[in-house]
Protein chains: 2
Amino acid sequence: MNASTKSRRYVRPLDIAHGQVDLSHGSGGRAMAQLIGELFLPEFDNPFLREGNDGARLPAVPGRMVMASDAHVVSPLFFPGGDIGCLAVHGTVNDLAVMGAQPHWLSASFILEEGLPLAQLQQIARSMGRAAREAGVAIVTGDTKVVERGKGDGVFIATTGVGFLPEGVEITGDRARPGDRILVSGPLGDHGMAIMAQRESLGFASEIQSDTAALHGLVATLLQSGVDIRVLRDPTRGGLATTLNEIAGQSGVGMMLQESAIPVRPAVAGACEFLGLDPLYVANEGKLVAIVAPEDADRALAVLRAHPLGCEAAIIGLVQADPHQFVQMTTRLGGRRIVDWLSGEQLPRIC
Amino acid sequence: MNASTKSRRYVRPLDIAHGQVDLSHGSGGRAMAQLIGELFLPEFDNPFLREGNDGARLPAVPGRMVMASDAHVVSPLFFPGGDIGCLAVHGTVNDLAVMGAQPHWLSASFILEEGLPLAQLQQIARSMGRAAREAGVAIVTGDTKVVERGKGDGVFIATTGVGFLPEGVEITGDRARPGDRILVSGPLGDHGMAIMAQRESLGFASEIQSDTAALHGLVATLLQSGVDIRVLRDPTRGGLATTLNEIAGQSGVGMMLQESAIPVRPAVAGACEFLGLDPLYVANEGKLVAIVAPEDADRALAVLRAHPLGCEAAIIGLVQADPHQFVQMTTRLGGRRIVDWLSGEQLPRIC
């Protein structure tokens with residue numbers, strides 16, 4: 001993201017209120033420099049970006065480096081509780097957070113569709129900038145491309161995050177052991193159903209808000225508490241079910257959930273039922289799955305509940321030995337069922 | 001990019017020869033795990049990716065860190081001399097290289113359009129993997145999203161690179177000084193005209209090949225030679241003209257080019273003339289602009305020419321004091337003209 005202010009001689013200011021993205025904004029020329037200088041820089045402003053080079057030179061940070069990337073294609077761009085801008089920040093911050101890393105820097109690449117109103121793009125950039133400041137990360141570099149009308153869909157945002165692991169932190173997907181307890185930081189399915197309610201114009205579900213949030217503060221609190229954390233994960237696409245199946249595969253274990261212990265808001269449960277969806281497969285964007293040593297489960301629950309993002313946390317099941325690596329669930333009626341991987345696509349373009 | 005091999009129980013192998021991308025490949029569920037495990041992992045294979053976590057944990061490397069990002073939307077996906085896969089690697093490697101950094105790690109986020117043939121995606125992934133190995137970088141993390149038919153265009157790839165600056169290397173866009181010499185590492189316009197010749201079906205220009213290449217080896221040679229390098233840049237979108245205007249703005253200087261000294265292949269010059277384009281504004285993907293201290297210009301030229309990627313290098317002009325920061329050119333006819341920023345869009349979706 002290369003745009004010195006000196007380069008903008010003889011150019012009228014961008015008409016953000018009435019203007020649209022056109023192909024020249026992806027040209028590498030003056031129009032692109034102007035878009036970056038007048039629309040993105042004011043929202044993301046930081047010394048690294050202001051240097052205006054092809055990349056950002058960053059100071060050394062102690063600890064092992066972690067790098068994570070996400071492409072964001074959520075539709076619609078704006079939804080109850082958030083928009084693609086803050087989601088793009090939270091998604092990548094959370095990928096770092098669940099590895100135990102403290103997020104530091106983000107890059108952001110925009111693929112814009114010709115015709116996107118500049119006012120919408122500004123609103124998205126503003127939301128990104130705010131989310132980044134709140135999360136304590138800086139958007140230090142990026143890129144902007146424009147595709148012709150009908151070859152994109154408003155805006156796609158790819159973010160990459162770099163963070164650093166505090167000394168001694170070792171949180172990977174292969175460390176779950178039989179007996180470990182499984183916790184979630186709050187009710188499931190809010191993000192996915194906020195999007196679906198808007199897409200399907202479900203009036204009765206209009207109260208559902210996306211839970212999009214940065215989780216690294218919650219993770220830091222858990223780390224500082226000294227709880228023996230085995231695995232952390234944010235159950236995004238594919239929901240809790242897919243996340244737990246991934247962990248079961250990586251760790252070579254099975255799991256047993258208690259359906260009655262899994263928190264789901266009534267509005268989300270109702271909307272899921274109406275649309276024939278299972279909240280266990282619906283995406284979350286601000287929830288944490290934590291697998292902890294059995295003796296630390298109650299303390300972990302208390303720590304999560306003491307944090308604003310974890311006040312509705314619950315212990316939902318346990319890890320067990322299982323050569324088949326099945327995730328199972330004891331249902332409300334006392335039966336058992338297998339909670340399999342998501343097959344097919346339940347909710348396209350949810351993040 | 002999270003896909004343990006254990007997760008793929010009970011699934012038939014992907015039919016790469018006949019299959020297509022569908023929305024389930026972006027779901028976060030089993031189909032996505034399979035796409036990653038069977039199509040991407042074999043091409044990118046490295047221990048960081050194989051860990052299968054939400055991000056990659058990376059070892060410490062000495063030196064100041066540099067981070068750079070690019071979104072790639074080139075159309076067509078395959079062109080003479082390359083494809084979007086190797087281009088996505090080279091583009092980001094080069095952004096790091098021109099800051100003087102040694103590239104180490106890449107992330108890759110894919111936005112796929114429903115209906116993309118899996119065989120094409122494999123060919124692209126294979127080209128990315130090969131380009132990464134040749135450049136000595138590892139693709140350590142990533143993401144895959146799928147959008148509905150007509151909401152994307154085959155595949156877009158956003159790459160982020162992380163590299164490290166050797167001790168004492170300080171190459172930024174604001175260090176050009178009056179008297180410095182301007183060099184290019186070879187003929188201009190090859191990449192852009194290879195794309196345009198294919199798009200416009202210009203038979204007579206079918207010999208033009210993209211110059212897409214990783215430049216960090218060439219940069220390392222120049223750094224090791226001890227030449228006093230002021231600025232390096234790769235003249236991609238907007239071409240040489242836009243790159244030099246950017247540097248002029250950042251450094252607060254003017255420039256004077258010699259048209260007769262600027263190398264352009266006859267086929268490129270011919271195709272440009274036919275299409276009414278100016279090669280100074282056409283994108284390059286494997287060329288270096290180097291601004292060096294006057295006393296080191298001849299040595300820099302010799303060093304560039306001794307490298308396979310710089311054998312047609314040339315000294316094309318000099319930096320001069322100019323409060324207006326104009327880039328000017330002495331034409332073949334002895335006149336002078338201003339070489340301004342690219343205005344508007346000459347060649348959309350060139351990279």
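These notes cover the structure that comes with them. (Residues numbered from 1 in each chain as written. Chains lettered and ligands numbered in written order. Predicted model: local features only at pLDDT ≥ 70, side-chain atom pairs only at ≥ 80, totals over all residues. Heavy atoms only, no water.)

**Describing the interface of chain B and chain A**
Phase 1 of the analysis: In this complex, chain B contributes 86 residues to the contact, which on the side of chain A involves 86 residues.
Phase 2 of the analysis: Summed over both sides, the interface between chain B and chain A buries roughly 7100 Å², with carbon and sulfur atoms accounting for 52% of that surface.
Phase 3 of the analysis: When the buried surface of chain B facing chain A is broken down by residue, Arg 57, Met 67 and Arg 237 of chain B rank first, second and third, together holding 12% of it.
Phase 4 of the analysis: Inspection of the chain B/chain A interface yields 11 salt bridges.
Phase 5 of the analysis: Across the pair Arg 237 of chain A and Asp 143 of chain B runs a salt bridge, and its minimum N-O distance is 2.7 Å. (Contact = heavy atoms within 4.5 Å. Buried area = accessible area lost by both parts, 1.4 Å probe. Salt bridge = Lys/Arg side-chain N within 4 Å of Asp/Glu carboxyl O.)

**Some thoughts on the layout of surface pockets**
All names here are of chain A.
Phase 1 of the analysis: A volume near 230 Å³ is recorded for the largest pocket.
Phase 2 of the analysis: In this structure, the largest pocket is lined by 13 residues; those nearest its centre are Glu 259, Val 264, Asp 278, Pro 279 and Arg 332.
Phase 3 of the analysis: If one sorts the elements of the lining of the largest pocket by residue count, helix α8 (residues 266-275) sits on top with three residues.
Phase 4 of the analysis: When its residues are assigned to classes, the lining of the largest pocket shows eight nonpolar, no polar and five charged. (1 Å grid on protein atoms, 1.4 Å probe; cavity = no way out; pocket = protein on both sides within 12 Å on 5 of 7 lines; lining within 4 Å. Points joined across faces, edges and corners; volume = space filled by probe spheres on them. Helix = DSSP H or I, 4+ residues; strand = E, 2+ residues; numbered from the N terminus. Nonpolar A, V, L, I, M, F, W, Y, C, P; charged D, E, K, R; others polar.)

**Considerations on the relation of the copies chain B and chain A**
Phase 1 of the analysis: Mapping chain B onto chain A leaves a residual RMSD of 0.0 Å; the transformation is a rotation of 180° accompanied by 0.0 Å of translation along its axis. Here the copies are linked by what is in effect a two-fold axis. Within chain B, Gly 152 of chain B has its C-alpha nearest the rotation axis, a separation of 2.2 Å.
Phase 2 of the analysis: The share of interface residues of chain B whose copies in chain A are also at the interface is 100%, consistent with both copies meeting through the same surface. (Least-squares fit on C-alpha atoms with pLDDT ≥ 70 in both.)

**A few points about the packing of helix α3 (residues 84-97) of chain B against helix α4 (residues 118-135) of chain B**
Residues and elements named next belong to chain B.
Phase 1 of the analysis: Following both chains from N to C, one finds α3 and α4 inclined at 35°, their axes separated by 6 Å at the closest point. When the axes of α3 and α4 are compared, the crossing they make is right-handed. Along its contact with α3, which presents Ile 84, Gly 85, Cys 86, Ala 88, Val 89, His 90 and Val 93, the element α4 presents Ile 124, Ser 127, Met 128, Ala 131, Ala 132 and Ala 135.
Phase 2 of the analysis: Looking at the contact of α3 with α4 residue by residue, the class counts come to 10 nonpolar, three polar and no charged. (Axes fitted to C-alpha atoms, helices over the stretch in contact; angles between N-to-C directions. Left-handed = near helix turned anticlockwise from the far one by under 90°.)

**Side note on the environment of Thr 243 of chain B**
All names here are of chain B.
Phase 1 of the analysis: Turning to its location among the elements, Thr 243 is positioned in helix α7 (residues 239-251).
Phase 2 of the analysis: When the C-alpha positions of Thr 243 and Trp 341 are compared, they lie 8.4 Å apart, and in sequence the two are 98 residues distant.
Phase 3 of the analysis: If sequence neighbours within four positions are ignored, Thr 243 has contacts with Arg 233, Asp 234, Pro 235 and Thr 236.
Phase 4 of the analysis: A distance of 3.1 Å separates the side chain of Thr 243 from the backbone oxygen of Gly 239, its partner in a polar contact. (Polar contact = N/O pair within 3.5 Å; in protein donor to acceptor, adjacent residues only side chain to side chain.)

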